[in-house]
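Descriptive structure summary
The residues making up each chain are set out below.
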Amino acid sequence: MQEQLQKLEVELREVTKNKEKLRKNLLELIEYTHMLRVTKKFVRRNVEFEPTYEEFPSLDTDSLLDYSCMQRLGAKLGFVSGLINQGKVEAFERMLWRVCKGYTIVTYAELDEPLEDPETGEVIKWYVFLISFWGEQIGHKVKKICDCYHCHVYPYPSTAEERREIQEGLDTRIQDLYTVLHKTEDYLRQVLCKAAESVYARAVQVKKMKAIYHMLNLCSFDVTNKCLIAEVWCPEADLPGLRRALQDGSRESGATIPSFMNTIPTKETPPTLIRTNKFTEGFQNIVDAYGVGSYREVNPALFTIITFPFLFAVMFGDFGHGFVMFLFALLLVLNENHPRLNQSQEIMRMFFHGRYILLLMGLFSVYTGLIYNDCFSKSVNLFGSGWNVSAMYSSSHSPAEQQKMVLWNDSVVRHSRVLQLDPSVPGVFRGPYPLGIDPIWNLATNRLTFLNSFKMKMSVILGVIHMTFGVVLGIFNHLHFRKKFNIYLVSIPELLFMLCMFGYLIFMIIYKWLVYSAKTSRVAPSILIEFINMFLFPASETSGLYVGQEHVQRLLLAVTALSVPVLFLGRPLFLLWLHNGRSCLGVSRSGYTLVRRDSEEEVSLLGSHDVEEGNAPMDDGCREVRCEEFNFGEILMTQVIHSIEYCLGCVSNTASYLRLWALSLAHAQLSDVLWAMLMRVGLRVDTTFGVLLLLPVIALFAVLTVFILLIMEGLSAFLHAIRLHWVEFQNKFYVGAGTKFVPFSFRLLSSKFNDGMA
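If you're wondering where the values come from, they're calculated on a predicted model, not measured in any experiment.

1. With respect to the overall build of the protein
Assigned secondary structure in the protein consists of 25 helices and 8 strands. With 758 residues in all, the protein has 38% of them scored as buried. Taking as baseline every contact in the protein between residues at least 6 positions apart, the subset at least 24 positions apart corresponds to 75%. Summed over its atoms, the accessible surface of the protein is roughly 46000 Å², and 60% of this surface lies on carbon and sulfur atoms.

Structure follows, in structure tokens:
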């Protein structure tokens, strides 16, 4: 490869050098042609009729003060012609006047078109000059001045016949140079195209060689310095493939000594390898942005595949907007093999890598839009409303019923601006809407009040369930790492604290929905007041939701109060008891089971493994871990900080889930405002001009919908969904303090070896 590149370099240098010489000669000939054309207008005389003067040798010693003296001397008249840069004309003329004492005649003319400088390659304006002088010595001075000012001096023909012959010769040479330059450029283009065909392959080969040598430099020599030893992490499932690859490599390379592999037991924490595909990669990247999980830790990405797009859709619930997003993501998925999508601009490339996230977010938004019955801020009446307006008229009821209920008549309908449907009147409410919110709420004046109450309670329910699920996932971590005491001293108190407070709040919400109807809704107590009274212990008796509510609430408060000291002190005291009961701590585990050994908690647990699992005491041949200093104060402080953060976080995190309600409300109101300001105005214009006005209105509505409601609101809901997963969900069980397993792969060369790396 190096020899080929050297030959190519020499050939390119020669061709380029010849091309530059030809180009320089061509520019000089073109300048000469322009000079002959312009100076032809300067002097119009017949040289044959000019008097012949004899050159006087002592020209500089005599007085040359006037023309009569010049005639007396009989000096010979000479010419110097050429081209000079536009910016040097004044200084050039001034220098000629001072040095030659005025015995020169200078004539200038500016060229019509700028020419390229043969020396520098710049395109500049040129002046053609013709200098007439007397005497050979003055001529030498004029030529030196022209050299100092870098003038391009060319021979001046003395006769018209000589001028014509020179012009013809110049035209022929210029035409020949154009032909030679064209063929030279074609040959140079062919050489470069042939070299460019192998550039990509050679760059890949060089990167692979650099990567291989870089990895070989990480290996160490054995005692004999004849073979390399590499200690690597390898997934257990890939060990047969690794052995097979070593055998194939030894056979193909013709090595006399084959490569072999040994498995080494270690207590070091292995890196984390999570195998993903094109569907799960985007969700795993969201989790890895928070932190790479420790080895064998519960991976939240599996649950994020469902919870993330669902929480996004709760905030972005609109059937129309979700369907547009779904179509856009579906288009990216169907064209995912198109090379331009993966090599497009950064923003489009981000959309492409998250195409499956967008697909699920749009699909879930369609579902929540059907639940909210919201499509571009309008309701869709698919199954018919469950409310009947005619049942509110007094004529449809008996006189006895008319006396008990507040009904409508013609006078009420005519004089009332707002009419209220009473669901307790028979026949008004005929049953719930089959799917989602009844479309009649889109016409109600109290629509916002109803939806706010519904979405607020829904947000609290979803938030508590989501956080409780996170605490439950922490139990699986403790079981896998064989820390069962953390289940009893940490996870169960956390669950009791959460469920006795906010789990009971969910119970009250659902109980009120199920028990109280439209007829008894006026006597239904406020859930918020009941929840506050649970902590205030009011002196007066309250009606309550159910019988025995006060005793149940006192029991729940007692359990909550007892779980707090267990959460604060249980784990540190248990670790202290374990430490005092052991003279030295050891471990009987092998392989990769032991992780995060650098923590104080793991040091205290090393000797308790046989107690928890019922194993026999460790044998003398088992490895022992050196006793480290047990710092009870540090463990206690860490647990206290964690407990305070959890207890306060239960309140703040539950309130944080109200962003589901707030962003859903904001999205619905923005969509409503956009419809009212554009589409409603366009649809109310009369039919004559309405069609002409409706087209630009629809176009503007579509543009604002895409940029404001889809992109801006979608990005806002996306960021809030990430926040709910990182802060409210993952901090209940996920540490994210591991190291990502990055295997050697030629596909990763672009991120590891750039072009400037030596």
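2. Observations concerning unusual backbone geometry
In this structure, Arg 296 takes a positive phi of about 65 degrees despite not being glycine. Counting through the fold element by element, Arg 296 comes out in the loop between helix H8 (281-290) and helix H9 (301-315). Even without being glycine, Arg 482 reaches a positive phi, approximately 60 degrees. Along the polypeptide, Arg 482 turns up in the loop between helix H16 (447-480) and helix H17 (484-515).

3. Comments concerning the UniProt feature "coiled-coil region" (unreviewed entry) in the protein
Within this numbering scheme, the UniProt entry marks residues 5-32 as carrying the feature "coiled-coil region" (unreviewed entry). As annotated, residues 5-32 has a helix share of 100% and a strand share of 0%, and its two end C-alpha atoms lie 40 Å apart.

4. Overview of the sheet that holds strand S1 (residues 77-85)
Across the sheet, which stays open at both edges, the 4 strands sit in the order S2-S5-S1-S6 with antiparallel pairing between neighbours. On the outer flanks of this sheet lie strand S2 (104-110) and strand S6 (152-154), each paired with one strand and no other. Across the sheet, the axes of successive neighbouring strands diverge by a mean angle of 25 degrees, strand direction being ignored. Where S2 and strand S5 (residues 126-134) come together, 7 bridges link them in antiparallel fashion.

5. Some points on the packing of aromatic side chains
Under the defined criterion, the tally for this structure stands at 31 aromatic pairs. With centroids separated by 5.6 Å and ring planes inclined at 65 degrees, the aromatic side chains of Phe 383 and Tyr 433 adopt a geometry described as edge-to-face. Of this pair, Phe 383 sits in the loop between helix H13 (355-372) and helix H14 (399-404) while Tyr 433 sits in the loop between helix H15 (410-415) and H16; the two residues are 50 residues apart in sequence, bridging distant segments of the chain. Where Phe 497 meets Tyr 646, the ring centres are 6.3 Å apart and the plane angle is 55 degrees; that geometry is what we call tilted. Here Tyr 646 lies in helix H22 (residues 632-656) and Phe 497 lies in helix H17, a separation of 149 residues in the sequence. Classification of Tyr 646 by relative accessible area gives buried; the value is 6%. Here the basic side chain of Arg 355 rests over the ring of Phe 352, its NZ or CZ set 4.3 Å away from the ring centre. Its guanidinium or amino end placed over the ring of Tyr 372, Lys 455 lies 4.3 Å from that ring's centre, counting from NZ or CZ.

6. Looking at the UniProt feature "transmembrane region" (unreviewed entry) in the protein
When the UniProt feature table is mapped onto this chain, "transmembrane region" (unreviewed entry) is found at residues 310-334, 355-372, 458-476, 488-511, 555-578 and 690-712. For the annotated span residues 488-511, helix accounts for 100% and strand for 0% of the residues, and the straight-line distance between the end C-alpha atoms is 30 Å. Helix makes up 100% of residues 555-578 and strand 0%, and the two end C-alpha atoms of the span are 33 Å apart.

7. Quick word on the packing of helix H10 (residues 319-334) against H13
Running from amino to carboxyl end, H10 crosses H13 at an angle of 155 degrees, the nearest separation of the two axes being 7 Å. On the basis of the axis angle, H10 is roughly antiparallel to H13. You can see that H10 and H13 cross each other, and the crossing is left-handed. Facing Phe 319, Gly 322, Phe 323, Met 325, Phe 326, Phe 328, Ala 329, Leu 330, Leu 332 and Val 333 of H10, the residues of H13 in contact are Arg 355, Tyr 356, Leu 358, Leu 359, Met 361, Gly 362, Leu 363, Ser 365, Val 366, Gly 369 and Leu 370. Its residues assigned to classes, the contact of H10 with H13 shows 16 nonpolar, 4 polar and 1 charged.

8. Thoughts on the side chain of Ser 671
Mapped onto the fold, Ser 671 is located in helix H23 (residues 659-684). Under the relative-accessibility criterion, Ser 671 is labelled buried at 2%. With residues up to four places along the chain from it excluded, the contact list for Ser 671 reads Asp 318, His 321, Phe 376, Ser 377 and Leu 709.

9. Some remarks on the pattern of salt bridges
In the structure shown here, the tally under the stated rule is 9 salt bridges. A salt bridge links Arg 355 to Glu 336; the shortest N-O distance between them is 3.0 Å. Of this pair, Arg 355 sits in helix H13 while Glu 336 sits in the loop between H10 and helix H11 (339-342), placing them 19 residues apart in sequence. One exposure class covers both Arg 355 and Glu 336, and it is buried.

10. Considerations on the confidence of the model for the protein
Detailed reading of the predicted coordinates is not advisable wherever pLDDT falls low. When pLDDT is averaged along the protein, the result is 82; 86% of the residues meet or exceed 70. Residue range residues 45-75 is modelled with pLDDT below 50. Its contacts to residues more than four positions away, or to other chains, number 33 contacts. Counting interchain partners and residues more than four positions distant, the pLDDT-below-50 stretch residues 603-627 has 52 contacts.

11. Some thoughts on empty space enclosed by the protein
A full pass over the atoms with the stated rule returns 4 cavities of 30 Å³ or more. Approximately 80 Å³ is the volume found for the largest cavity. Around the largest cavity, the lining residues are Tyr 372, Asp 374, Arg 447, Leu 448, Leu 451, Asn 452, Lys 455, Leu 665, Ala 668 and Gln 669. Elements represented by at least two residues in the lining of the largest cavity include exactly H16 and H23. Per-element accounting of the lining of the largest cavity gives the leading share, 5 residues, to H16. Along the lines of polarity and charge, the residues of the lining of the largest cavity split into 5 nonpolar, 2 polar and 3 charged.

12. Focus: the pairing of S1
A regular strand carries its side chains on alternate faces of the sheet. Pairing analysis gives 9 bridges linking S1 to S5, with the strands arranged antiparallel. The residue of S5 that forms the bridge with Leu 83 is Val 128. By the bridge criterion, 3 bridges tie S1 to S6 in an arrangement that is antiparallel. Each residue of the ladder has a partner; that of Leu 83, found in S6, is His 152.

13. Points about a nonpolar patch on the surface
On the surface, a nonpolar cluster with roughly 1000 Å² of combined accessible area is contributed by Met 1, Leu 5, Val 206, Met 209, Ile 212, Tyr 213, Leu 216, Phe 221, Leu 228, Phe 744 and Phe 746. A total of 5 residues in the nonpolar patch trace back to one element, the largest contributor, which is helix H6 (residues 199-217). A residue is classified by how much of its surface remains accessible, and Phe 744, at 41% relative accessible area, is partly exposed.

The rules we used
- Residues numbered from 1 in each chain as written.
- Predicted model: local features only at pLDDT ≥ 70, side-chain atom pairs only at ≥ 80, totals over all residues.
- Heavy atoms only, no water.
- Helix = DSSP H or I, 4+ residues; strand = E, 2+ residues; numbered from the N terminus.
- Buried < 20%, exposed > 50% of the residue type's maximum accessible area, 1.4 Å probe, protein only.
- Contact = heavy atoms within 4.5 Å.
- Areas by Shrake-Rupley, 256 points an atom, 1.4 Å probe, with all protein chains shown as cover.
- UniProt positions renumbered as here; feature names shortened; annotations may be inferred.
- Pairing = 2+ DSSP bridges.
- Axes fitted to C-alpha atoms, helices over the stretch in contact; angles between N-to-C directions.
- Phe/Tyr/Trp six-rings, centres within 6.5 Å; stacked < 30°, edge-to-face > 60°.
- Lys NZ or Arg CZ within 6 Å of the ring centre and 35° of its normal.
- Parallel < 35°, antiparallel > 145°, perpendicular 65-115°, else oblique.
- Left-handed = near helix turned anticlockwise from the far one by under 90°.
- Nonpolar A, V, L, I, M, F, W, Y, C, P; charged D, E, K, R; others polar.
- Salt bridge = Lys/Arg side-chain N within 4 Å of Asp/Glu carboxyl O.
- pLDDT = per-residue confidence, 0-100.
- 1 Å grid on protein atoms, 1.4 Å probe; cavity = no way out; pocket = protein on both sides within 12 Å on 5 of 7 lines; lining within 4 Å.
- Points joined across faces, edges and corners; volume = space filled by probe spheres on them.
- Patch = residues over 30% accessible without salt bridge, like charges linked within 9 Å, V, L, I, M, F, W, Y side chains within 5 Å.

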